[in-house]
Amino acid sequence: MRAPVARGGRRVSAVLTTPAERLGALARAEFTLLGRSRATLLTAVLVPLALPFTLRSVVDGMDVQKEGLSVGLVLLPAAIGFSLLFGVYTALVGIYTARREELVLKRLRTGEPRDVEILCGTALPIGATAVVQSLVVAAGSAVLLDLPAPRAPQFAVLGLLLGLVMCAALAAVTATVTRTVESAQVTTLPFVLVSMTVSGVTVPLEMLPDRLASVCELLPLSPVITLIRGGWSGTLSVYEAFGALGTALAWTVLAVFAVGRWFRWEPRR
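Residues numbered from 1 in each chain as written. Predicted model: local features only at pLDDT ≥ 70, side-chain atom pairs only at ≥ 80, totals over all residues. Heavy atoms only, no water.

### Considering the environment of E102
Next up, step 1: If you trace the backbone, E102 turns up in the loop between α3 (71–101) and α4 (104–109).
Next up, step 2: For E102, a relative accessible area of 48% corresponds to the partly exposed category.
Next up, step 3: Residues E102 and L124, 22 residues apart in the sequence, show an inter-C-alpha distance of 20 Å. (Helix = DSSP H or I, 4+ residues; strand = E, 2+ residues; numbered from the N terminus. Buried < 20%, exposed > 50% of the residue type's maximum accessible area, 1.4 Å probe, protein only.)

Take a look at the structure:
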């Protein structure tokens, strides 16, 4: 679409892009930058794929069959959880912080892209990487761990999509209080450690005491892992699924509100 713009007494034709075109341009630029950053690639690609292998010996020592689980039903959601934590959340905190401190975000705001387009365009390559990782992990689990196809795939897909949006929004919130890319290693630790230990990533909530499990179910990543594991096992009831969806949506809405209210576009001094 072209609109005439008056400039120096002359009418000049200016090109107005669509939101989809702007998102695509931002995503392509981020893909290029992602390929040039070895540290970000290591965090976003290799770490999430390597961590599940370290859990195999731990899971083998658990009595998961007692809770109606298998090794595959523990390791697959754990692998996807690691991808969300390290491939999306941790990586995006560093990316948002770096772009802000380098004045990239500030310059983008002077152009056509809206705020939400800038944040989403920056997150798209990381989100796409996490989706590919999840598909690779699911295929690998089917072959190596003899894991059958998901019995309720709709729950697994919803859990993954909600996890992507939630972790991206939480990353933007964390970047707000992160001064430098180096300090992102510290500011991301609380969410990562809590999610890894008591959100069902390394230890299924079914194996925790009932009172502790009922509290841990309210943590941000817990409903995501519950939906993914329940989608594969098919043991998740409609009531439990809606409860997990409600918790995940509540955290996502809260995170998006916090981004709109407090996200910093100027470098922190």
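The discussion continues.
### Examining the packing of α3 against helix α10 (residues 222–233)
Next up, step 1: Close contact between α3 and α10 brings their axes to 10 Å; oriented N to C, the two are set at 145 degrees. Helix-helix and strand crossings are classified by hand; for α3 and α10 the assignment is right-handed. From α3, L73, V74, L76, P77, I80, G81 and L84 reach across to α10, where they touch V224, I225, I228, R229, W232 and S233.
Next up, step 2: In terms of residue class, the contact of α3 with α10 is made up of ten nonpolar, two polar and one charged. (Axes fitted to C-alpha atoms, helices over the stretch in contact; angles between N-to-C directions. Left-handed = near helix turned anticlockwise from the far one by under 90°. Contact = heavy atoms within 4.5 Å. Nonpolar A, V, L, I, M, F, W, Y, C, P; charged D, E, K, R; others polar.)

### Here we look at the pattern of salt bridges
Next up, step 1: The tally for this structure, following the rule as stated, stands at six salt bridges.
Next up, step 2: Among the ionic pairs, R22 bridges to E117, the shortest N-O distance being 2.8 Å. Of the two residues, R22 sits in helix α1 (residues 19–36) while E117 sits in helix α5 (residues 115–144), which places them 95 residues apart along the sequence. Accessibility assignment for this pair places R22 and E117 in one class, buried.
Next up, step 3: Where R100 meets E101, a salt bridge forms, and the shortest distance between an N and an O atom there is 2.8 Å.
Next up, step 4: A relative accessible area of 1% places R100 in the buried class.
Next up, step 5: One connected set of salt bridges, linked through shared partners, spans R22, E112 and E117. (Salt bridge = Lys/Arg side-chain N within 4 Å of Asp/Glu carboxyl O.)

### Concerning α1
Next up, step 1: Helix length check: α1, at 18 residues, gives a terminal C-alpha distance of 26 Å against a target of 26 Å (1.5 Å per residue), a fit within 8%.
Next up, step 2: Residues of α1 that are buried: R22, L26, A27, E30 and L34. For α1, the angular spread of the buried residues around the axis is 130 degrees, confining them to a single face. Of the exposed residues in α1, those oriented more than 90 degrees away from the buried face are R28, G35 and R36.
Next up, step 3: As for α1, its buried residues are in contact with α2 (38–60), α3, α4 and α5. (Expected span 1.5 Å × (residues − 1). Arc of directions from axis to C-beta.)

### A look at the confidence of the model for the protein
Low pLDDT marks stretches whose predicted atomic positions should not be read closely.
Next up, step 1: Per-residue confidence for the protein averages 88 on the pLDDT scale, and 94% of its residues sit at or above 70.
Next up, step 2: Within the model, pLDDT remains below 50 along residues 1–14, and this stretch shows 17 contacts once partners closer than five positions in the same chain are excluded. (pLDDT = per-residue confidence, 0-100.)

### Side note on the packing of α5 against helix α6 (residues 153–176)
Next up, step 1: Viewed as axis vectors pointing N to C, α5 and α6 meet at an angle of 145 degrees, and their least axial separation amounts to 11 Å. Like other packed secondary-structure pairs, α5 and α6 cross with a definite hand, here right-handed. Contacts from A123, G127, A130, V131 and S134 of α5 reach α6 at L160, L164 and A168.
Next up, step 2: When grouped by side-chain class, the residues that make up the contact of α5 with α6 number six nonpolar, two polar and no charged.

### Observations concerning the side chain of E117
Next up, step 1: For E117, a relative accessible area of 6% puts it in the buried group.
Next up, step 2: Those residues in contact with E117 that lie beyond four places of it in its chain are P19, R22, L23, L26 and E112.

### Things to note about α10
Next up, step 1: Between its first and last C-alpha atoms α10 spans 16 Å; for twelve residues at 1.5 Å apiece the expected length is 16 Å, and the two agree.
Next up, step 2: Of all twelve residues that make up α10, eleven are buried, and the element is covered over most of its length.
Next up, step 3: Within α10, the full set of buried residues consists of S222, P223, V224, I225, L227, I228, R229, G230, G231, W232 and S233.
Next up, step 4: Buried residues along α10 sit in contact with α3, α5, α6, α8 (189–198), α9 (210–216) and α11 (238–262).

### Here's the deal with the environment of F155
Next up, step 1: As for its placement among the helices and strands, F155 is situated in helix α6.
Next up, step 2: Sequence separation between F155 and P77 is 78 residues, and the spatial gap between their C-alpha atoms is 12 Å.

### Focus: the packing of aromatic side chains
Next up, step 1: Applying the stated criterion to the full structure yields five aromatic pairs.
Next up, step 2: Note on F257 and W262: the rings are 6.1 Å apart at their centroids and 85 degrees apart in plane angle, and the pair reads as edge-to-face.
Next up, step 3: Looking at F257, the relative accessible area reads 51%, which means it is exposed.
Next up, step 4: By way of ring pairs, the aromatic residues Y96, F263 and W265 are connected into one cluster. (Phe/Tyr/Trp six-rings, centres within 6.5 Å; stacked < 30°, edge-to-face > 60°.)

### With respect to unusual backbone geometry
Negative phi is the rule for most residues except glycine; trans is the rule for most peptide bonds.
Next up, step 1: In this structure, L103 takes a positive phi of about 65 degrees despite not being glycine.
Next up, step 2: Within the secondary structure, L103 is located in the loop between α3 and α4.
Next up, step 3: According to the relative accessible area criterion, L103 is partly exposed, its value standing at 31%.
Next up, step 4: At D146, a position not held by glycine, the phi torsion is positive, near 55 degrees.
Next up, step 5: Considering the arrangement of structural elements, one finds D146 in the loop between α5 and α6.

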